[in-house]
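Residue-level listing of the chains:
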Amino acid sequence: MTVSNIADEIKKRRTFAIISHPDAGKTTLTEKFLLYGGAINLAGSVKGKATARHAVSDWMEIEKERGISVTSSVLQFNYGGYCINILDTPGHQDFSEDTYRTLMAADSAVMVIDASKGVEAQTRKLFKVCVMRHIPIFTFINKMDRDANDTFELLDDIEKELGIATCPINWPIGSGKNFKGVYERGSKKVTTFSDTQKGTKEGESREIPIDSPELEEFVGADNMGQLLEEIELLDGASAEFDQELVSAGKLSPVFFGSALTNFGVEIFLKHFLQMTTPPLPRKADIGVIDPIKEDFSAFVFKIQANMNKAHRDRIAFMRICSGKFDAGMEVYHVQGNKKQRLLQPQQMMAQERHVVDEAYAGDIIGVFDPGIYSIGDTICMPGKKFAYEGIPTFAPEHFARVRQVDTMKRKQFVKGITQIAQEGAIQIFQEYNTGMEEIIVGVVGVLQFEVLKYRLENEYNVDIHMENLPYEYIRWIENEDIDMNKLTGTSDMKKIQDLKGRPLLIWVNSWSIRMTEERNPGLVLAEFGRS
Ligand code: GDP
């Protein structure tokens, strides 16, 4: 394949994450996207909720039990000349760390908001990560077929709560039983809403110009009056569309629709694909790496065990950042300092995994991981040696001391807990200056403790005993030459170290952090760990 073909392939890539508060409609919207891409058929999309939400990303028993998506999945499909990679993210807040990492692999984010609820807790958290990365954020206000909050209030809510300006690309006419469709500000046409019976029936929506007499007939005089008034208000008050601001993550284009009835989804997709970016250059330690000019490179953003229970496999997900990947080619794992071939490279296609022969910057591939990769690792071509900026380790907020019940199972216990930590689901620490006898586990959300217990029992056949610890605050020590024995802390402080021997401190009370700093001049503490 010639260089220009590679460039063409990369330019048509669009890689984005969907974020939302649970129940806003992320799964439903994703399924409708796939429908347009022909990746799933209609029948596949109309299963009941229980099956639908598991159809795509059901990899762990625990997800079935709890009815939440614990893991993220990646889906690829083609639409309108684009090659689209959707990074699905877990909905439950206790797994937000996983979502943070997934956002590191995305070039933009689609934020799904429930029109009757506005901005919710989980949206706010995830949104902060998007802002940190300056990626474009698109808003889909969903469930317009249900009674919605006032449209201006919804926009206000986004602007105030999230601190981002909004620019409605279309505007709803009514909501709930009175929902008539959306008015597109650019084309000055109304796309009429038709009941597709939850998306099972082909929609019969029409486009009617705003000045056509037919429109008033369709929407009714009251709606028509209100629409005209709102358009006037909107044109006077809202931010103008500005692609540069959108690309910089400072202005969010807003769309209205109803994922369930498949209304407004294709309109959204079309605009979104034009407004979002293809893979952009990324920062590495040697400078910025251009996705087109440079040879293959990627970084690991996620490690997932048990993709397939029968095979006990572990998969490392990599985001390709530059060039083209060919199966079988020799690559270089920077952190491991080893040349290697990536084993069983694969991609997700709706429900199925399939082996990939080639992939391009923007794509996500999963490769078989015999236990050598860690989150944040860089893979590039032999002869090159650079590392992409690491993915920050988020500070755990809950700690527990963990040991195995059966002392004979020490080996399985250490193996299991280490592997689960490498995946980034938990962080493990030891007391300073002791071995692995006592393991302290730190998690961002308490549900992770349950996942750990469950997985150790089911995958490693080890029962554990867990004792909750009162610590809530953690800091990484940045000083390279610190003498931990000389460090004077507070009575609620504990000195610990991570698996790489890096020193950390944990405290019960937040004010103790400041006191410790005061007692140890020159001590540099960091809130995030570096991978
Ligand atoms: P997620 O948790 O964000 O993935 O949300 P789901 O896609 O699972 O949707 C949550 C619930 O809202 C489900 O019962 C959906 O059928 C329903 N839902 C999703 N989109 C819409 C919509 O546009 N209109 C209505 N009325 N319900 C919707």
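Residues numbered from 1 in each chain as written. Predicted model: local features only at pLDDT ≥ 70, side-chain atom pairs only at ≥ 80, totals over all residues.

**Some words on the overall build of the protein**
Our working rule: In this text, helices come from DSSP runs of H or I with a minimum length of four residues, and strands from runs of E with a minimum of two, each type numbered from the N-terminal end. Any residue surrounded by 20 or more other C-beta atoms within 10 Å of its C-beta is treated as buried, while 12 or fewer makes it exposed and the intermediate range makes it partly exposed; C-beta atoms here are placed from the backbone. Distance between backbone-placed C-beta atoms decides contact: two residues are in contact if it is within 7 Å.
What the protein contains, in helices and strands, is 15 helices and 31 strands. Residue burial in the protein is summarised as follows: out of 531 residues, 44% are buried. Residue pairs at least 24 apart in sequence account for 70% of intrachain contacts in the protein once pairs closer than 6 positions are excluded.

**So, the site of the ligand**
Selection rule: Near residues are defined by distance alone, with the backbone-placed C-beta atom required to lie within 6 Å of the molecule or strand.
Around the ligand, the structure places 18 residues, and the nearest of them are Gly-25, Lys-26, Thr-27, Thr-28 and Leu-260. Per-element tally for the shell around the ligand: the top contributor is helix α2 (residues 26-36), with 3 residues.

**Here we look at the pairing of strand β15 (residues 314-322)**
Here is the rule: By definition, two strands form a pair when at least two bridges between them are found by DSSP.
With 9 of 9 residues buried, β15 is to be regarded as a mostly interior element. Where strand β14 (residues 297-305) lies against β15, 8 bridges are found, and the strand directions are antiparallel. By the bridge assignment, Ser-297 is partnered in β15 with Ser-322. Bridging between β15 and strand β22 (residues 364-368) involves 5 bridges; their strand directions are antiparallel. When the bridges of β22 are listed, Arg-319 appears paired with Ile-364.

**Some remarks on the sheet that holds strand β27 (residues 464-469)**
Going by this rule: For helices, the axis comes from a line fit to the C-alpha atoms of the stretch in contact; other axes are also lines fit to C-alpha atoms, and the angle between any two N-to-C directions lies between 0 and 180 degrees.
Here 8 strands make up an open sheet; going across it, the order is β27-β24-β26-β25-β29-β30-β28-β31 and the pairing antiparallel. The outermost strands of the open sheet, each flanked by one partner alone, are β27 and β31 (525-526). Examined bridge by bridge, strand β28 (residues 473-477) and β31 share 2 bridges and lie antiparallel to one another. Across the sheet, the residue bridging to Trp-476 is Ala-526, located in β31. This element, helix α13 (residues 410-422), spans β24 (398-404), β25 (427-431) and β26 (439-443) of the sheet and lies at about 125° to β25. Relative to strand β30 (residues 503-507), helix α15 (residues 511-519) is tilted by about 130°, and along the sheet it contacts β28, β29 (493-498), β30 and β31.

**Quick notes on helix α14 (residues 447-460)**
Think of an α-helix as 3.6 residues a turn; residues three or four steps apart then line up on the same face. Rules: To estimate the expected span of a helix, count its residues, drop one, and scale the result by 1.5 Å. The arc under discussion is defined with respect to the helix axis, by the directions toward the C-beta atoms.
Given a rise of 1.5 Å per residue, 14 residues ought to cover 20 Å, and the 19 Å separating the end C-alpha atoms of α14 matches this to within 8%. Buried within α14 we find Gln-448, Phe-449, Val-451, Leu-452, Arg-455, Leu-456 and Tyr-460. Buried residues along α14 cover an arc of 160° about the axis, so they all sit on one side. Directly after α14, the chain includes Asn-461, whose backbone phi takes a positive value near 60°.

**Digging into the sheet that holds strand β3 (residues 82-88)**
Read across the open sheet, the 7 strands follow the order β2-β3-β1-β4-β5-β11-β6; overall the sheet is mixed. Looking at strand neighbours, the two that pair on one side only are β2 (74-79) and β6 (165-168), the edges of this open sheet. Neighbour-to-neighbour, the strand axes of this sheet turn through a mean angle of 30°, independent of strand direction. Bridge analysis of strand β1 (residues 13-20) against strand β4 (residues 108-114) gives 5 bridges, and the strand direction is parallel.

**Quick look at the domain arrangement of the protein**
Note the following rule: The domain limits used here are those given by an automatic or database domain assignment. For this scheme, ten residues count as nonpolar: Ala, Val, Leu, Ile, Met, Phe, Trp, Tyr, Cys and Pro. Four count as charged, namely Asp, Glu, Lys and Arg, and the remainder, Gly too, count as polar.
Entries for the protein in the domain assignment read domain 1 (3-275), domain 2 (282-380) and domain 3 (392-530). In this structure, domain 2 and domain 3 have C-alpha centres spaced 29 Å apart. Facing the 7 residues of domain 2 at the interface are 5 residues of domain 3. Here the side of domain 2 that touches domain 3 is built from residues that sort into 3 nonpolar, 4 polar and no charged.

**As for the pairing of β4**
Note the threshold: Handedness rule for crossovers: strands pointing away from the viewer, path from the first strand over the helix to the second running clockwise, crossover right-handed.
A large share of β4 lies buried, amounting to 7 of its 7 residues. A two-sided burial pattern is seen for β4, the buried positions comprising Ser-108, Val-110, Val-112 and Asp-114 on one face and Ala-109, Met-111 and Ile-113 on the other. Relative to strand β5 (residues 137-142), β4 is paired through 6 bridges, and the arrangement is parallel. Following the sheet pairing, Asp-114 is matched in β5 by Asn-142. For the crossover that starts at β4, traverses helix α7 (residues 121-133) and ends in the parallel β5, the hand is right-handed.

**Regarding the nonpolar core**
For clarity, the threshold we go by: In plain words, the nonpolar core is the set of buried Ala, Val, Leu, Ile, Met, Phe, Trp, Tyr and Cys residues that C-beta atoms within 7 Å link up.
Counting 97 residues, the largest nonpolar core has Ala-109, Met-111, Val-300, Met-318 and Ile-320 as its most contacted members. Looking at this core, the element that brings in the most residues is β15, giving 6 residues. Lining this core are residues from two domains, each supplying at least three of them: domain 1 (3-275) and domain 2 (282-380). Once you skip the residues sitting within four places of it in the chain, Met-318 turns out to touch Ala-298, Phe-299, Val-300, Ile-364, Ile-365, Val-367 and Ile-379. Counting residues in hydrophobic clusters, the runner-up holds 34 residues, among them Val-402, Ile-420, Val-441 and Phe-449.

**Overview of the confidence of the model for the protein**
Note the cut-off: You can read pLDDT as the predictor saying how much it trusts each residue, on a scale of 0 to 100.
Residues of the protein with pLDDT of at least 70 account for 86%, and the chain-wide mean is 84. Every residue in residues 41-72 is under pLDDT 50, and counting partners more than four places away or in other chains gives 62 contacts. Among the scores for the predicted complex, ipTM is 0.99 and pTM is 0.81.

**Section: the packing of α13 against α14**
The cut-off we apply is this: Any angle that falls under 35 degrees is termed roughly parallel, while one over 145 is termed roughly antiparallel, one within 65 to 115 roughly perpendicular, and all others oblique. Handedness of a helix crossing follows the sense of rotation of the near helix relative to the far helix, less than a right angle counterclockwise being left-handed and clockwise being right-handed.
Interhelical geometry of α13 versus α14 gives an angle of 125° and a closest axis separation of 10 Å. Viewed along their axes, α13 and α14 adopt a mutual orientation that is oblique. Of the two elements, α13 crosses α14, and the hand of that crossing is right-handed. Across the interface between the two elements, Gln-412, Lys-415, Gly-416, Ile-417 and Ile-420 from α13 touch Leu-452, Arg-455, Leu-456, Glu-459 and Tyr-460 from α14. Tallied by class, residues from the contact of α13 with α14 come to 5 nonpolar, 2 polar and 3 charged.

**What about the environment of Ala-361?**
Along the chain, Ala-361 falls in the loop between β21 (358-360) and β22. Between the C-alpha atom of Ala-361 and that of Gly-323, which follows or precedes it by 38 residues, the distance is 5.6 Å. Other than its neighbours up to four places away in sequence, Ala-361 contacts Ile-10, Arg-13, Pro-279, Pro-291, Ile-320, Cys-321, Ser-322 and Gly-323.

**Concerning the packing of α2 against helix α12 (residues 265-275)**
Two elements in contact, α2 and α12, have axes separated by 10 Å at closest approach and are oriented at 75°. In terms of their interaxial angle, α2 and α12 are classed as roughly perpendicular. Facing Leu-29, Lys-32, Phe-33 and Tyr-36 of α2, the residues of α12 in contact are Val-265, Glu-266 and Leu-269. In terms of residue class, the contact of α2 with α12 is built from 5 nonpolar, no polar and 2 charged.

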